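Analysis of the macromolecular model
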Amino acid sequence: MKISTLYRSNDYHLFRDITDAVEKQIRAAMADNEIKAFFRADDIAVPSENFSKMMGLFLKYQIPLCLAVVPSWMTKKRWEATAEFREKGKALFCWHMHGYRHMNHEPKGKKQEFGPARSPQAVLNDLTRGQKRLQTIMGKDLTQVFTPPWNRCSMDAMMMLKKAGFTGISRSHGSLPVAPEGLEDIPVHVDLHTRKEKSAEESRPTLLEEFKTGLASGMCGIMLHHMCMNDQAFLLLEYLLELFSGYRQIKKVTYDYLISKNENQ
Ligand SMILES: [Zn+2]
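This write-up is about the structure you can find in this document. (Residues numbered from 1 in each chain as written. Predicted model: local features only at pLDDT ≥ 70, side-chain atom pairs only at ≥ 80, totals over all residues.)

Moving on, we get to unusual backbone geometry. A cis amide bond, omega -10 degrees, links Leu 176 with the succeeding residue Pro 177. Of note in the backbone geometry, Gln 62 takes a positive phi value of approximately 55 degrees without being a glycine. Within the element layout of this structure, Gln 62 appears in the loop between α2 (49-61) and β2 (65-69). Overall, Gln 62 belongs to the exposed group, with 11 C-beta atoms counted inside 10 Å. For Trp 150, which is not glycine, the phi torsion reads 60 degrees and is therefore positive. Looking at where Trp 150 falls in the secondary structure, it is placed in the loop between β4 (142-146) and α6 (155-163). We classify Trp 150 as buried; it has 20 C-beta atoms within 10 Å. (Helix = DSSP H or I, 4+ residues; strand = E, 2+ residues; numbered from the N terminus. Buried ≥ 20, exposed ≤ 12 C-beta atoms within 10 Å, placed from the backbone.)

Spelled out as structure tokens, the structure:
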């Protein structure tokens, strides 16, 4: 996976610029709304320098992070390697399931692990296998929210998620089909690292547009891919975390908060 062109720019003012523009959007959105925000990091399981660096930043700014764990990549040993962060972060970190093997099963079109090419039974088998594996390794630390690889899945898959006991799903903002009742839709709006524009000049306005949409929705979801982050990507992430931590009026949440709030209603 390649990092976005945004982080291959030599313009070091760019990241300060983007952060200032996001701050203006925060102020505008706060005028009419209470704002909530969450950060979600995908493709979690394998320890790495980037993983530790990312976790360190969320701890430094005391901002919650939802971590999307790939079941077939996770092992007891790898889980144990996250212990120091879990001990320091406690409720800051919310661990949930990201696909089963993170494998494409669609013969054509966009990549999906749980797309229309698969039978509901095959989907259910993978989901319950993944869920059992993570429950065995992670125990009560597993939250029953699902992030499908590539942010998309079929209606059958969402029905099977419900059957397997999941209560929420996180895809891209505007994803179809609409999530069925009983499966809370918790979309991400902002793609920090895997956006596809050809240049930083093209990336900047579309990235800001995503922040605007997210902040205006009242629940801004921000997606990270730590594995492909470079120094510039860590710089922008740190600016953003510093910005968000400075606004107490923005409630920084995890799926645990969103799901339990739902249950209490
Ligand atoms: Zn992924």
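Quick look at the packing of α2 against helix α8 (residues 231-246) now. Remark: α2 packs on α8, axes separated minimally by 10 Å, with the N-to-C direction vectors making an angle of 20 degrees. Between α2 and α8, the angle falls in the class roughly parallel. Here α2 and α8 pass one another in a crossing that is right-handed. Together, Lys 53, Leu 57 and Tyr 61 of α2 and Phe 234, Leu 237, Glu 238, Leu 241, Glu 242 and Ser 245 of α8 make up the contact between the two elements. Residues of the contact of α2 with α8, tallied by class, amount to 5 nonpolar, 1 polar and 3 charged. (Axes fitted to C-alpha atoms, helices over the stretch in contact; angles between N-to-C directions. Parallel < 35°, antiparallel > 145°, perpendicular 65-115°, else oblique. Left-handed = near helix turned anticlockwise from the far one by under 90°. Contact = placed C-beta atoms within 7 Å. Nonpolar A, V, L, I, M, F, W, Y, C, P; charged D, E, K, R; others polar.)

One way to put it is that helix α5 (residues 120-138) packs onto α6 with a least axis distance of 9 Å and a crossing angle of 45 degrees. Between α5 and α6, the crossing angle belongs to the class labelled oblique. Regarding α5 and α6, the two cross each other, and that crossing is right-handed. On α6, the residues touching Pro 120, Val 123, Leu 124 and Leu 127 of α5 are Asp 156, Ala 157, Met 160, Leu 161 and Lys 163. Grouping the constituent residues of the contact of α5 with α6 by class yields 7 nonpolar, no polar and 2 charged.

What follows covers the nonpolar core. Leu 67 and Val 69 are the most contacted members of the largest nonpolar core, which has 68 residues in total. At 6 residues, strand β1 (residues 35-44) tops the list of elements feeding residues into this core. Each residue touching Val 69, except ones within four places of it in the same chain, is listed here: Ile 44, Ala 45, Met 74, Trp 95, His 96, Met 97, His 98 and Leu 134. (Core = buried A, V, L, I, M, F, W, Y, C linked by C-beta atoms within 7 Å.)

Turning next to helix α1 (residues 14-32). Over its 19 residues, α1 extends 28 Å from the first C-alpha to the last, a length consistent with the 27 Å expected when each residue adds 1.5 Å. Among all positions of α1, only Phe 15, Ile 18, Val 22, Ile 26 and Ala 29 are buried. Within α1, the buried residues cover an arc of 85 degrees as seen down the axis, which keeps them to one side. In this structure, α1 carries Arg 16, Asp 20, Lys 24, Arg 27 and Ala 31 as exposed residues pointing more than 90 degrees from its buried face. Packed against the buried residues of α1 are β1, α7 (200-217), α8 and β9 (250-252). (Expected span 1.5 Å × (residues − 1). Arc of directions from axis to C-beta.)

In this structure, Asp 126 sits in helix α5. Separated by 90 residues in the primary sequence, Asp 126 and Ala 216 place their C-alpha atoms 36 Å from one another.

Summarising burial for β2: 5 of the 5 residues are buried, a large majority. Bridge count for β1 against β2 is 3 bridges, and the pairing is parallel. When the bridges of β2 are listed, Arg 40 appears paired with Cys 66. The parallel pair β1 and β2 is bridged by α2, and the resulting crossover is right-handed. Note: β2 against strand β3 (residues 93-97), 5 bridges, orientation parallel. Its bridge partner lying in β3, Val 69 is registered against Met 97. (Pairing = 2+ DSSP bridges. Right-handed = clockwise from strand over helix to strand, strands pointing away.)

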